[in-house]
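In case you want the letters, here they are:
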Amino acid sequence: MQTEKIITHITQWLHDYAVQARAKGFVVGISGGVDSAVVSSLCARTGLDTLCLDLPIRQHPDQLARARAHIAALQQQFTNVRAHSVDLTPPFEAFERDNAVPDNPHNLLALANARSRLRMTALYFHAQINGLLVAGTGNKVEDFGVGFFTKYGDGGVDISPIADLLKTQVYALAQALGVSEAIRRAAPTDGLWDSERTDEAQLGASYPELEWAMAQHQAGKIPADFNGREQQVLETYLRLNRAAQHKIQPIPVCHIPPQFFQNNP
């Protein structure tokens, strides 16, 4: 993996896309995790306006501290980086109060996804008033493997600069970009729960394991080809991948036969 060449390539791609779209730059939601740290660093390198938003919703203090420290570090390094904090806890709690159904088994997950969609709304608000593009922070395993994102939440973006990189490759970029060790060492989490649930706990496998499973699936392997933990991981990957097809695949369109628009003879 030629890390510096990849960094240069993505930076140039971001710059060229924004210029062609007649956008002034980018807005990035900063979570305190490695993906958003890498994306914001790449956006900053374009020299275009880069607005970093922290969007806490009853956020764990460690996550918010990492996010703000990363934004401050970027601002020290790049004059084109701006920061804004949007406390989304009050609007989320108003939504939760009026809509939550505690006795419904899907209540907690629906509320977690509502947090992500509320953040998307805030990102697009600030994108529109500033003439910016919303830069996505999803990586290849999340976006195209297990679908570990919220439809029209963190999956609602204008561009996806790291969606062709595996999570382990994102970590390699993070180190080369000078992302803090605190972020690089933090356990990945989506930050959508009151309890600090890690991605691995939710998915049932680590990112390196899921990357391995993704490669095996693409090679045509099946769980019966393996034993023990490898078999379990591949089964987990396939289950998640099947369940996420409605997110991974383009929105289905019902195409109307042309003759239906013709007058009957």
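Each value, and the rule that gives it
Residues numbered from 1 in each chain as written. Predicted model: local features only at pLDDT ≥ 70, side-chain atom pairs only at ≥ 80, totals over all residues. Heavy atoms only, no water. UniProt positions renumbered as here; feature names shortened; annotations may be inferred. Helix = DSSP H or I, 4+ residues; strand = E, 2+ residues; numbered from the N terminus. Pairing = 2+ DSSP bridges. Right-handed = clockwise from strand over helix to strand, strands pointing away. Axes fitted to C-alpha atoms, helices over the stretch in contact; angles between N-to-C directions. Contact = heavy atoms within 4.5 Å. Disulfide = S-S within 2.5 Å. Buried < 20%, exposed > 50% of the residue type's maximum accessible area, 1.4 Å probe, protein only. Core = buried A, V, L, I, M, F, W, Y, C linked by side-chain atoms within 4.5 Å. Domains from an automatic or database assignment. Buried area = accessible area lost by both parts, 1.4 Å probe. Salt bridge = Lys/Arg side-chain N within 4 Å of Asp/Glu carboxyl O. Polar contact = N/O pair within 3.5 Å; in protein donor to acceptor, adjacent residues only side chain to side chain.

## Let's talk about the UniProt feature "domain: NAD/GMP synthase" (unreviewed entry) in the protein
In step 1: UniProt's entry tags residues 7-249 with the feature "domain: NAD/GMP synthase" (unreviewed entry), counted in the numbering of this structure.
In step 2: This span, residues 7-249, is 56% helix and 8% strand, and a straight line between its end C-alpha atoms measures 28 Å.

## With respect to the pairing of strand β3 (residues 81-85)
In step 1: Pairing between strand β2 (residues 49-54) and β3: five bridges, direction parallel. In the strand pairing of β3, Cys52 is matched with Ala83.
In step 2: In this fold, β2 hands off to helix α3 (residues 61-77), which returns the chain to β3; that crossover is right-handed.

## Section: the sheet that holds β3
In step 1: Strand order across the open sheet formed by four strands is β3-β2-β1-β4, with parallel pairing between neighbours. In this open sheet, the two strands that pair with only one neighbour each are β3 and β4 (132-134). Taking each pair of neighbouring strands and ignoring which way they run, the sheet shows an average axis angle of 25°.
In step 2: Across the sheet, helix α5 (residues 107-130) lies against β1 (25-29), β2, β3 and β4, angled at about 160° from β4, the strand it touches most.

## So, the state of the cysteines
In step 1: In this structure the tally under the stated criterion is zero disulfides.
In step 2: Looking at the unpaired Cys43, the closest cysteine sulfur is the one in Cys52, lying at 8.0 Å.
In step 3: The class of Cys43 is buried, set by a relative accessible area of 0%.
In step 4: A relative accessible area of 0% means that Cys52 is categorised as buried.

## Quick notes on the nonpolar core
In step 1: Phe26, Val38 and Leu42 are the most contacted members of the largest nonpolar core, which has 33 residues in total.
In step 2: For this core, the secondary-structure elements that each account for two or more residues are α1 (3-20), β1, α2 (34-45), α3 and α7 (167-177).
In step 3: Broken down by element, the residue count for this core peaks at seven residues, all from α2.
In step 4: Look past the residues within four positions of Phe26 in its chain and what remains in contact with it is Leu14, His15, Ala18, Cys43, Thr46, Leu48, Asp49, Thr50, Leu51, Leu132, Leu133 and Ile159.

## Section: the domain arrangement of the protein
In step 1: Looking at the assigned domains, one finds that the protein contains domain 1 (3-197) and domain 2 (204-251).
In step 2: A straight line from the C-alpha centre of domain 1 to that of domain 2 covers 25 Å.
In step 3: Regarding the contact of domain 1 and domain 2, the summed buried area is about 1,300 Å², with carbon and sulfur atoms giving 67% of it.
In step 4: The largest contributions to the domain 1 side of the interface with domain 2 come from Val141, Val146 and Lys151, which together make up 35% of the buried area.
In step 5: If you look at where domain 1 meets domain 2, you find zero salt bridges.
In step 6: Summed over the shared surface of domain 1 and domain 2, the result is seven residue pairs in polar contact (both at pLDDT 80 or more).
In step 7: Among the elements of the structure, α6 (140-145) and α7 are those that each provide at least two residues to the side of domain 1 that touches domain 2.
In step 8: Ranked by residue count, the leading element in the side of domain 1 that touches domain 2 is α6, at six residues.

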